[in-house]
Amino acid sequence: MSKSIVVSIAAGLAIGAVAWIDPLFVPLVLAGPLVSGAVCAAKAIGLRLLALAWAVAGASMLVSDWIVNREDVAFHAVVTVAMVALAAASWKLSRTLTARRGASELA
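Figured I'd write up the structure that's included with this text.

Describing helix 3 (residues 47-69)
- The end-to-end C-alpha separation of helix 3 is 32 Å, in line with the 33 Å expected for 23 residues at 1.5 Å each.
- Every buried residue belonging to helix 3 is among Leu50, Ala53, Trp54, Val56, Ala57, Gly58, Ser60, Met61, Ser64 and Asp65, and all of these are buried.
- Two residues or fewer past helix 3, arginine 70 is found with a positive phi of approximately 55°.

Concerning the side chain of threonine 80
- Its place among the elements puts threonine 80 in helix 4 (residues 73-106).
- Apart from residues lying up to four places away in sequence, threonine 80 is in contact with Trp54, Ala55, Gly58 and Ala59.

Observations regarding the packing of helix 2 (residues 22-42) against helix 3
- Packing of helix 2 against helix 3 leaves a shortest axis separation of 10 Å and a crossing angle of 165°. The orientation of helix 2 with respect to helix 3, classified from their angle, is roughly antiparallel. The two elements helix 2 and helix 3 meet at a crossing, and its hand is right-handed. Of the residues in helix 3, those touching helix 2 at Phe25, Leu28, Val29, Gly32, Pro33, Ser36, Gly37 and Cys40 are Leu50, Trp54 and Met61.
- Tallied by class, residues from the contact of helix 2 with helix 3 come to 8 nonpolar, 3 polar and no charged.

Re the side chain of serine 36
- With respect to the helices, strands and loops of the structure, serine 36 is situated in helix 2.
- In this structure, serine 36 is in contact with Leu50 and Trp54, ignoring residues within four places of it in sequence.

With respect to the nonpolar core
- Residues Ile15, Val29, Leu50, Trp54, Met61 and Met83 are the most contacted members of the largest nonpolar core, which totals 15 residues.
- Secondary structure elements with two or more residues in this core: helix 2, helix 3 and helix 4.
- Sorting elements by how many residues they give to this core places helix 2 first, with 5 residues.
- When neighbours within four sequence positions are excluded, valine 29 is seen to be in contact with Met61, Val79, Met83 and Leu86.

Rules used in this analysis
- Residues numbered from 1 in each chain as written.
- Predicted model: local features only at pLDDT ≥ 70, side-chain atom pairs only at ≥ 80, totals over all residues.
- Heavy atoms only, no water.
- Helix = DSSP H or I, 4+ residues; strand = E, 2+ residues; numbered from the N terminus.
- Expected span 1.5 Å × (residues − 1).
- Buried < 20%, exposed > 50% of the residue type's maximum accessible area, 1.4 Å probe, protein only.
- Contact = heavy atoms within 4.5 Å.
- Axes fitted to C-alpha atoms, helices over the stretch in contact; angles between N-to-C directions.
- Parallel < 35°, antiparallel > 145°, perpendicular 65-115°, else oblique.
- Left-handed = near helix turned anticlockwise from the far one by under 90°.
- Nonpolar A, V, L, I, M, F, W, Y, C, P; charged D, E, K, R; others polar.
- Core = buried A, V, L, I, M, F, W, Y, C linked by side-chain atoms within 4.5 Å.

See below:
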C-alpha cells in the first residue's frame, strides 16, 4: 500500500473523529469537501486520493454512530455520497479553472 493511500485513510479517520464534535459537523461535511477539493487540485493531488479520504470519513462516521447510537445509518450513507460528490466537484472545477487560466496566459 502506498504512502499516499495510507495518508488518505488516516485523514479520513481523523475527519470522522472530528465529526463527533457537534458544532463542527455541518461545516465539516459541507465546507470541508469543497475546500479540500480546491486545495488538492491546486497541489496536484489526485481525485482518487481525495475521494478515498472523504469516503473513509463518511464510513467511519456511519460505523461509529451505528456502534454508539444504533441509528442514522442511512443518513450517514447519504452524507458520505454527498461529501465525496462535493469534493470531486470542487476538485474538477478548480482543475478546469486552473487550466483555463493557464491557457489564457499563453494566448
